[in-house]
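# Report on the structure
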Protein chains: 2
Amino acid sequence: MTGRVAVPLPKAYRLLNHGPTVLVSSAHGGQRNVMAAAWNMALDFDPPKVAVVIDKSTLTRELVEASGEFVLSVPSRQQAAMTLAVGTHSGREFDKFSIAGVHATAASMVGAPLIEGCLGWLECRVIVEPHIQQSYDLFLAEVVAAWADPEVFSNGRWHFPDEQRRSIHYLAGGSFFATGDAFEV
Amino acid sequence: MTGRVAVPLPKAYRLLNHGPTVLVSSAHGGQRNVMAAAWNMALDFDPPKVAVVIDKSTLTRELVEASGEFVLSVPSRQQAAMTLAVGTHSGREFDKFSIAGVHATAASMVGAPLIEGCLGWLECRVIVEPHIQQSYDLFLAEVVAAWADPEVFSNGRWHFPDEQRRSIHYLAGGSFFATGDAFEV
């Protein structure tokens, strides 16, 4: 896989603060899965927390509820077709790790895998809130470890080296935006 | 203000799906306020729902809890300095509608104002969930009306006409990304 360096936990929110679409990976009882999620956000700085919507119909939902863990991986533009593929198909149809470009590697603190080739990773433990999980498909979690490819994120800053290694933002129907120009005000 | 056309409610999520930073405006009992929020996401399609983090220390929190309403406005790159300013100062310090470029106009369904010159707007009614509001500063809401500037969003699609009229994604410390290239996979 690409390089991977630990992100200090108080800076982990910066992997999500600009609103990229992420991959949600999960594992339980010999099964594993990965889906895409545009509906994610940071929820707190330190300890870092995140929120993500995981539909009741998904295999991911079953594995996340059973294990209490998931990983958010931030895919690059190079991985957009793969992101759409894992977001379109269900893990009940076939093993999504058979899709081209979907490779798992072990996380450090949770059983769910990291997705190789991504720009950043957040290892998450679910904060159990049954009412909002059931009513809104909304999952809250604490980030227990975070990683980034140092070629694209270091010292708490994104510095995309080229057009293909940028984070992506899903709209609908196969349409994405790349993360664009950085600017300061 | 710029043009404003109704967005059909089942397409309202597309104003937020790509993860832009938004402005949260609120009003109650003769007071009004506006803050910035990178931590927002769509939560459902139809009826559309959203989630947003509103810190306990903010005047916005007080006005949103009292009124049960808020508006999310999607600012443009032209409005980035204003977005940072309303995100940095508290409405307890001074009236943020005195900041250059912060102009309010009446919403259709809620008392909170729309912020003029933005790219899109979601009028929201809070879904009262006291536990998550108190524990996580997390507010859920139903979108009851949505609008967009037709020069930048129409037929459920963003089509940014120039570099300044793009949505923005806050990172930290005054650094933003513009929404970048659109692409299909």
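Residues numbered from 1 in each chain as written. Chains lettered and ligands numbered in written order. Predicted model: local features only at pLDDT ≥ 70, side-chain atom pairs only at ≥ 80, totals over all residues. Heavy atoms only, no water.

### Thoughts on the interface of chain B and chain A
Applicable threshold: The contact criterion used throughout is that any non-hydrogen atoms of two residues lie within 4.5 Å. Summed over both partners, the accessible area lost on bringing two parts together, with a 1.4 Å probe, is the buried area. Any carboxyl oxygen of Asp or Glu within 4 Å of a side-chain nitrogen of Lys or Arg constitutes a salt bridge here. Between N or O atoms, a polar contact is any pair within 3.5 Å; within protein, one atom must be a potential hydrogen donor and the other a potential acceptor, and residues adjacent in sequence are included only when both atoms are from side chains. Helix numbering and strand numbering both begin at the N terminus, where a helix is a DSSP run of H or I of at least 4 residues and a strand a DSSP run of E of at least 2.
With 51 residues of chain B at the contact, the number on the chain A side is 51 residues. The largest per-residue losses of area from chain B upon contact with chain A belong to W39(B), F177(B) and F183(B), which jointly make up 19% of the total buried on that side. Taken together, the connections running from chain B to chain A amount to two salt bridges. With a shortest N-O distance of 3.6 Å, R77(B) and D181(A) are connected by a salt bridge. The tally of links from chain B across to chain A stands at 24 residue pairs in polar contact (both at pLDDT 80 or more). Mapped by element, the contributors of at least two residues to the side of chain B that touches chain A are strand 4 (40-45), strand 5 (48-53), helix 2 (80-88), helix 3 (130-136), strand 10 (138-148), strand 12 (157-158), strand 13 (168-172) and strand 14 (175-184) of chain B. Top element by residues in the side of chain B that touches chain A is strand 14 of chain B. It accounts for ten residues.

### Some remarks on the sheet that holds strand 14 of chain B
For clarity, the threshold we go by: A pair of strands is considered paired only if DSSP assigns at least 2 bridges between the two. Fitted lines through C-alpha atoms serve as axes, helices being fitted only where they are in contact, and the angles separating the N-to-C directions of these axes extend from 0 to 180 degrees.
Strand order in this open sheet of four strands is 13(A)-14(A)-14(B)-13(B), and the pairing throughout is antiparallel. Each edge of the open sheet carries a strand with a single partner, namely strand 13 (168-172) of chain A together with strand 13 of chain B. Along the sheet, successive strands turn relative to each other by an average axial angle of 35°, direction set aside. Judged from the four bridges that link them, strand 13 of chain A and strand 14 (residues 175-184) of chain A form a sheet pairing that is antiparallel. Directly across from Y170(A), in strand 14 of chain A, lies its bridge partner F176(A).

### A look at the pattern of salt bridges
Residues and elements named next belong to chain A. Let me state the cut-off plainly: Classification of residues uses two cut-offs on accessible area relative to the type maximum, computed with a 1.4 Å probe and protein chains only: under 20% is buried, over 50% is exposed, and between them is partly exposed.
Scanning the entire structure with this criterion turns up 18 salt bridges over all chains. Among the salt bridges present, the one from D137 reaches R61, with a minimum N-O distance of 2.9 Å. One end of the pair, D137, is in the loop between helix 3 (130-136) and strand 10 (138-148); the other, R61, is in helix 1 (residues 59-67), and 76 residues separate them in sequence. On the basis of relative accessible area, R61 is assigned to the buried category, the value being 4%.

### Points about the environment of V86(B)
Residue and element names in this part refer to chain B. Following the sequence through the fold, V86 ends up in helix 2. When the C-alpha atoms of V86 and M41 are compared, they prove to be 20 Å apart, with 45 residues separating the residues in sequence. Sequence-distant contacts of V86, that is, excluding residues within four places in its chain, are made with L23, V34, M35, A36, K96, I99 and V102.

### Quick notes on the confidence of the model for chain A
Defined as follows: Note on scores: pLDDT gives the predictor's confidence for each residue, bounded by 0 and 100.
With 99% of its residues at a pLDDT of 70 or more, chain A has an overall mean of 97. Among the prediction metrics, the complex's ipTM stands at 0.97, with pTM recorded as 0.97.

### Some details on the relation of the copies chain B and chain A
A rotation about an axis combined with a shift along that same axis relates the two copies of the chain. Definition in use: Residues reaching a pLDDT of at least 70 in both copies supply the C-alpha atoms on which the copies are superposed by least squares.
Note on the copies: chain B fits chain A at an RMSD of 0.0 Å, the axial shift is 0.0 Å, and the rotation between them is 180°. Taken together, the rotation and translation relating the two chain copies correspond to the operation of a two-fold axis.

### Some details on the state of the cysteines
What counts is decided by this rule: The disulfide criterion is simple: two cysteine sulfur atoms within 2.5 Å.
Here the structure, examined in full by the defined rule, presents zero disulfides over all chains. Take C118(A): it sits in no disulfide, and the sulfur closest to it among the cysteines is that of C124(A), at 14 Å.

### Notes on the packing of aromatic side chains
Basically, it comes down to this: Note on aromatic pairs: the rings of Phe, Tyr and Trp (six-membered ring only in Trp) are paired at centre separations within 6.5 Å, and the planes decide the class, stacked below 30 degrees, edge-to-face beyond 60, tilted for the rest.
Under the counting rule described, the total for this entry stands at 16 aromatic pairs over all chains. With a centroid separation of 4.7 Å and 85° between ring planes, the pair formed by Y13(A) and F45(A) is classed as edge-to-face. A residue pair is termed long-range when its members are at least 10 positions apart, and Y13(A) in the loop between strand 1 (5-6) and strand 2 (22-28) and F45(A) in strand 4 (residues 40-45) qualify at 32 residues. According to the relative accessible area criterion, F45(A) is partly exposed, its value standing at 42%. Seen from their ring centres, F176(A) and F183(B) are 5.4 Å apart, and the 10° between their planes marks the pair as stacked. One end of the pair, F176(A), is in strand 14; the other, F183(B), is in strand 14, on a second chain. When its relative accessible area of 2% is taken as the criterion, F176(A) is described as buried. Look at F183(B) and you get buried, because its relative accessible area is 10%. Put simply, the rings of F153(A), W158(A), F160(A) and F177(B) pair up and form one aromatic cluster.

### Observations regarding the nonpolar core
Nonpolar side chains in soluble globular proteins generally cluster together in the buried interior. Let me state the cut-off plainly: Here, nonpolar core means buried Ala, Val, Leu, Ile, Met, Phe, Trp, Tyr and Cys residues that are tied together by side-chain atoms lying within 4.5 Å of each other.
Ranked by size, the top nonpolar core spans 100 residues in total, and within it F70(A), L138(A), W158(A), F70(B), L138(B) and W158(B) carry the most contacts. Among all residues touching F70(B), those that are not within four sequence positions of it are V24(B), S25(B), V50(B), V52(B), V64(B), V110(B), A112(B), L122(B), E123(B), C124(B), V126(B) and A141(B).

### Observations concerning the pairing of strand 6 (residues 69-74) of chain A
All names here are of chain A. Judged by how many residues are buried, strand 6 sits mostly within the fold: six of six residues are covered. Neither face of strand 6 is left uncovered, since the one carrying E69, V71 and S73 and the one carrying F70, L72 and V74 both have all their residues buried. Bridge count for strand 6 against strand 9 (residues 120-127) is six bridges, and the pairing is antiparallel. Note that in strand 9 the partner of L72 across the bridge is L122.

### Focus: the side chain of N40(B)
If you trace the backbone, N40(B) turns up in strand 4. Reaching out from N40(B), the side chain makes a polar contact with the backbone oxygen of A37(B) at a distance of 3.1 Å. Those residues in contact with N40(B), other than ones at most four positions away along the chain, are N40(A), M41(A), L16(B), P20(B), T21(B), V22(B), A51(B) and V52(B).

### Let's talk about the environment of S57(A)
All names here are of chain A. Examined against the element boundaries, S57 turns out to sit in the loop between strand 5 (48-53) and helix 1. When the C-alpha positions of S57 and R92 are compared, they lie 10.0 Å apart, and in sequence the two are 35 residues distant. Of note is the side chain of S57, whose polar atom sits 2.6 Å from the side chain of D55.

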